[in-house]
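# Chains, contacts and geometry: an overview
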Amino acid sequence: MSTMNSKLTFKRGLELKNRIMMAPMTTKMSFYDGVVTSDEINYYALRSGEIGAVITGAANVQNDGKGWEGELSVASDVFIPGLSKLAAAIKKNGTKAILQIFHGGRMTDSSVLRGVQPVAPSAIAAERPNAETPRALAGDEVLDLIENFKAATRRAIEAGFDGVELHGANTYLLQQFFSPHSNRRDDEWGGTLEKRFSFIDKLVDEVTATVDESGAENFIVGYRFSPEEYENPGIRFTDTLFLVDQLADKGLDYLHISLRDRQLVSVSENHKEKSMLAYIHEQINGRVPLVGVGDVLTSEDAEQVLENSELVAVGRALLIDPHWGAKALDKKDDLIRQEISNYDREELFLANGVWGFMEFMMPDRLGK
Ligand SMILES: Cc1cc2nc3c(=O)[nH]c(=O)nc-3n(C[C@H](O)[C@H](O)[C@H](O)COP(=O)(O)O)c2cc1C
C-alpha cells in the first residue's frame, strides 16, 4: 500500500482514512456578512468523501479580521447553524472537516471593513500597492483577540467540525506578530525573536486548552505557517526553524507549511541543499505530523511530498477535478481532468468568487 493510502491518527485521537487533505482555499462564496451559502456547501460536498480531510477557506474570528468579500465568518454564534450544515456536508462520507480560523490584520482595508481602519501589531503598512496603514492593537485588544480565537474554536466544536487550523501563514495577523516588519512593538508581544513568538505561543496554548477542557472527543488543532518573507526586515528561514521547533513541542495535532511549490528552496545562503519542506520535516523530527503542499497535480507529486511530510494538501487540482483524490489514490492519473472551461463551472460549483481567483492564479488550466 502506498503512503497516500495509509491511515493517520492524530494526538487527540482523530483518524484520517488517507493522507490527502484539501488545502484551505477561500471560495469568496459566503454571504456579505460571512454566512455560509448553499453554493459553498455544494462546492465542498462535491470535493469530499474520498480524501482524508477538507480544510475550509479562512473564516474570520472577529469582524475587523475580515480580509475580503465573500469570506466565511465564525465571529459570533449566529454563524453556527450555517457552519453546522457545512461540517455535515463535508463529513457525510467519512472525510474529516477542519475549519481554518484567522484574522486578516493589516492585509485588509477599510472598504472591506465598512469604514473601519484595519488593525495589526504595529502601525506599519504592508509593502503592496495601496496598502492602508493599520492601527496598532492596544494591549487589551491583543488579549481580546485570543479570547475570540477561543470562542471561534468553541463554535467550531459546536458546529460539528473535527478540528480547527490556526492560519498563521500567507502574511495574515498571526504571521504579522512573528514578523519583524509588521511587529515593531516594545511591550511583551514584540522585540526579540522570542518576544515576537509570544503571541503565537499564548494563542496556541489557550486554544489547545480550550479544546482539552471542552470535553470534545477527537477534535484536533493544527497550525499553518509560511516559511519566509521578502520584506526587509522580514521572517527569515532560520526564524521559521525556531518557530517550528517551538510549535512541535506544543499540544498541536499537526503543522502545515504554506508553499506554492513543494520543491521551493530557501533564499537563505545556509539552507540551499534541499527544499524548505525537507529542512522543516527534519527540524520537526517526528514530534508532530507535517502537512506538505505545493503544485501537486499527480499521484507521483503527492508521493514526492510524502517523502518529507506525513500528509499532503492539494488545492488547485481539486478545483479542476473534484474526484482527484479517488483517482490519485487508485493511481489512475490518466483519468485526472487537466483543464476546464466556463461551461463546467456550474457542475463544479465554481461561483464567481473562486472563478475570479482561478483566472488570476491558474489561467493556463481554464480552456475556452
Ligand atoms: C483560490 C485559492 C484560495 C486560497 N485561499 C487560502 C486560504 O483561505 N487559506 C490558506 O491558508 N491558503 C489559501 N490558499 C493557498 C492554498 O491553501 C495552497 O497553499 C496553494 O494553492 C498551493 O497548493 P496547490 O498548488 O495544490 O494549489 C488559496 C489558494 C487558492 C488557489
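These remarks concern the structure in this document.

Criteria and cut-off values
Residues numbered from 1 in each chain as written. Predicted model: local features only at pLDDT ≥ 70, side-chain atom pairs only at ≥ 80, totals over all residues. Heavy atoms only, no water. Salt bridge = Lys/Arg side-chain N within 4 Å of Asp/Glu carboxyl O. Buried < 20%, exposed > 50% of the residue type's maximum accessible area, 1.4 Å probe, protein only. Helix = DSSP H or I, 4+ residues; strand = E, 2+ residues; numbered from the N terminus. Contact = heavy atoms within 4.5 Å. Near = heavy atom within 4 Å. Polar contact = N/O pair within 3.5 Å; in protein donor to acceptor, adjacent residues only side chain to side chain. Areas by Shrake-Rupley, 256 points an atom, 1.4 Å probe, with all protein chains shown as cover. Nonpolar A, V, L, I, M, F, W, Y, C, P; charged D, E, K, R; others polar. Expected span 1.5 Å × (residues − 1). Bend = angle between axes of the 7 residues up to and from the residue. Core = buried A, V, L, I, M, F, W, Y, C linked by side-chain atoms within 4.5 Å.

### Remarks on the pattern of salt bridges
The full count for this structure, using the stated rule, is 24 salt bridges. In this structure, the salt-bridge partner of Lys66 is Glu69, at a minimum N-O distance of 3.4 Å. Accessibility expressed as a relative area gives 11% for Lys66, which makes it buried. The class of Glu69 is partly exposed, set by a relative accessible area of 34%. Linking Lys274 and Glu282 is a salt bridge whose minimum nitrogen-to-oxygen distance equals 2.6 Å. Its relative accessible area of 28% is what places Lys274 among the partly exposed residues. Glu282 gets classed as partly exposed once you look at its relative accessible area, which sits at 48%.

### With respect to the environment of Phe31
Relative to the assigned elements, Phe31 resides in the loop between β3 (20-22) and α1 (38-47). Among all residues touching Phe31, those that are not within four sequence positions of it are Val36 and Thr37.

### Quick look at the site of the ligand
Lining the immediate surroundings of the ligand are 19 residues, of which Pro24, Arg224, Asp295, Gly315 and Arg316 lie closest. One of the side-chain nitrogen or oxygen atoms of Asn170 is found 3.3 Å away from a nitrogen atom of the ligand. In this structure, Gly315 approaches the ligand through a main-chain N or O atom, which is 2.8 Å from an oxygen atom. Relative to its unbound accessible surface of 610 Å², the ligand loses 92% to contact with the protein. Taken together, the residues of the shell around the ligand break down into nine nonpolar, seven polar and three charged.

### Notes on helix α5 (residues 193-214)
Its 22 residues place the ends of α5 32 Å apart at the C-alpha level, agreeing with the 32 Å of an ideal helix rising 1.5 Å per residue. Of all bends in α5, the biggest is about 30°, found at Phe199. All of the buried residues in α5 are Leu193, Arg196, Phe197, Ser198, Phe199, Ile200, Leu203, Val204, Val207, Thr208, Thr210 and Val211. The secondary structure elements touched by the buried residues of α5 are α3 (139-159), β10 (163-168), α4 (173-178), β11 (220-225) and α6 (237-248). Gly215 sits one or two positions beyond α5 and adopts a positive phi of about 80°.

### Notes on the nonpolar core
Ranked by size, the top nonpolar core spans 111 residues in total, and within it Leu83, Phe161, Leu166, Tyr223, Leu255 and Trp324 carry the most contacts. It is α5 that contributes the most residues to this core, eight residues altogether. Apart from the residues lying within four places of it in its own chain, the contact partners of Leu166 are Ile101, Phe149, Leu174, Leu203, Val204, Val207, Val221, Gly222, Tyr223 and Arg224. By size, the runner-up hydrophobic cluster in this structure holds six residues, among which are Trp68, Phe102, Ala126 and Tyr172.

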